[in-house]
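A structural walkthrough
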Amino acid sequence: MHQGFFLLFATVSVVTALTLVLARNPVHSALALMACFLQISAIFVMLGAPLLAVIQIFVYVGAIMVLFLFVIMMVDVREAVLQRFMPGGNLPALALLVLLGAEMVVLVLWSDRFTATPPVAERGGDAIRDLSKALFSDYLLPFEVASVILLAALVGAIVLARKEPG
């Protein structure tokens, strides 16, 4: 059951990563990156690391994606869509991608490290509980100050990116 879910999350992660690279619209690429990050956080949950999954969602899906979307909004998307990163055909890149993918499949099938093993028992439950209590009790003020500073930076970026009328 766990192996099936892992293969599902891994497959969707690879598909969204390919969509990220092959999409012509930068907004579609950013959304594919967000979906890929969510799949990776689901894999972290399956590996018994919920703290890493939450950090993956908060830091990457939350903060980094907001940053990417602001950069995309500041860049002229219509002009960026018309430009190609690789002039000419994409045939050499596609051939290299297929070659590396085939090599990865061969290495995974020949390796003994990917056998079905039970997940590691939760040893760090108390450590995670202690970390969360310390973060939201002892360090609540610095945590909130950091969020206010990020909000001020966000408002500043909006003001700087706004075009002057006329």
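Here the structure is a predicted model, which means the values were calculated and not measured. (Residues numbered from 1 in each chain as written. Predicted model: local features only at pLDDT ≥ 70, side-chain atom pairs only at ≥ 80, totals over all residues. Heavy atoms only, no water.)

1. A closer look at the nonpolar core
- Formed by Ala30, Leu33, Phe37, Val61 and Met65, the largest nonpolar core amounts to five residues.
- Examining the composition of this core, we find that three residues originate from one element, helix α2 (residues 26–46), more than from any other. (Core = buried A, V, L, I, M, F, W, Y, C linked by side-chain atoms within 4.5 Å. Buried < 20%, exposed > 50% of the residue type's maximum accessible area, 1.4 Å probe, protein only. Helix = DSSP H or I, 4+ residues; strand = E, 2+ residues; numbered from the N terminus.)

2. Details of the packing of aromatic side chains
- One pass over the structure, following the stated rule, counts two aromatic pairs.
- Note on phenylalanine 5 and phenylalanine 9: the rings are 6.3 Å apart at their centroids and 20° apart in plane angle, and the pair reads as stacked. Of the two residues, phenylalanine 5 and phenylalanine 9 both sit in helix α1 (residues 2–22), four residues apart, roughly one turn of that helix.
- On the numbers, 5.2 Å between centres and 45° between planes, the contact of phenylalanine 37 with tyrosine 60 is tilted. Within this pair, whereas phenylalanine 37 is found in helix α2, its partner tyrosine 60 is found in helix α3 (residues 50–74), the two being separated by 23 residues in sequence. (Phe/Tyr/Trp six-rings, centres within 6.5 Å; stacked < 30°, edge-to-face > 60°.)

3. Comments concerning a nonpolar patch on the surface
- Nonpolar side chains collect at one region of the surface, where Leu38, Leu51, Val54, Ile55, Ile57, Phe58, Val59, Tyr60, Ile128 and Leu131 lie side by side and expose about 810 Å² of accessible area between them.
- Of all the elements, α3 adds the most residues to the nonpolar patch, at seven residues.
- By the secondary structure assignment, phenylalanine 58 is in helix α3.
- For phenylalanine 58, a relative accessible area of 60% corresponds to the exposed category. (Patch = residues over 30% accessible without salt bridge, like charges linked within 9 Å, V, L, I, M, F, W, Y side chains within 5 Å. Areas by Shrake-Rupley, 256 points an atom, 1.4 Å probe, with all protein chains shown as cover. Salt bridge = Lys/Arg side-chain N within 4 Å of Asp/Glu carboxyl O.)

4. Observations regarding the confidence of the model for the chain
- In the predicted model, the chain carries a mean pLDDT of 78, and the fraction of residues at 70 or more is 80%.
- Of all secondary-structure elements in the chain, the lowest mean pLDDT belongs to helix α4 (residues 77–82), at 55, while α1 reaches the highest, 90. (pLDDT = per-residue confidence, 0-100.)

5. A look at the side chain of glutamine 56
- The topology assignment puts glutamine 56 in helix α3.
- Look at glutamine 56 and you get buried, because its relative accessible area is 8%.
- Discounting chain neighbours no more than four positions away, the residues touching glutamine 56 are Phe37, Ile40, Ser41, Phe44 and Val61. (Contact = heavy atoms within 4.5 Å.)

6. A few points about α2
- For α2, with 21 residues, the first-to-last C-alpha span of 31 Å sits near the 30 Å given by 1.5 Å per residue.
- Listed in full, the buried residues belonging to α2 are Ser29, Ala30, Ala32, Leu33, Cys36, Phe37, Gln39, Ser41, Ala42 and Ile43.
- Looking one or two residues beyond α2, the residue adopting positive phi is glycine 48, at roughly 80°. (Expected span 1.5 Å × (residues − 1).)

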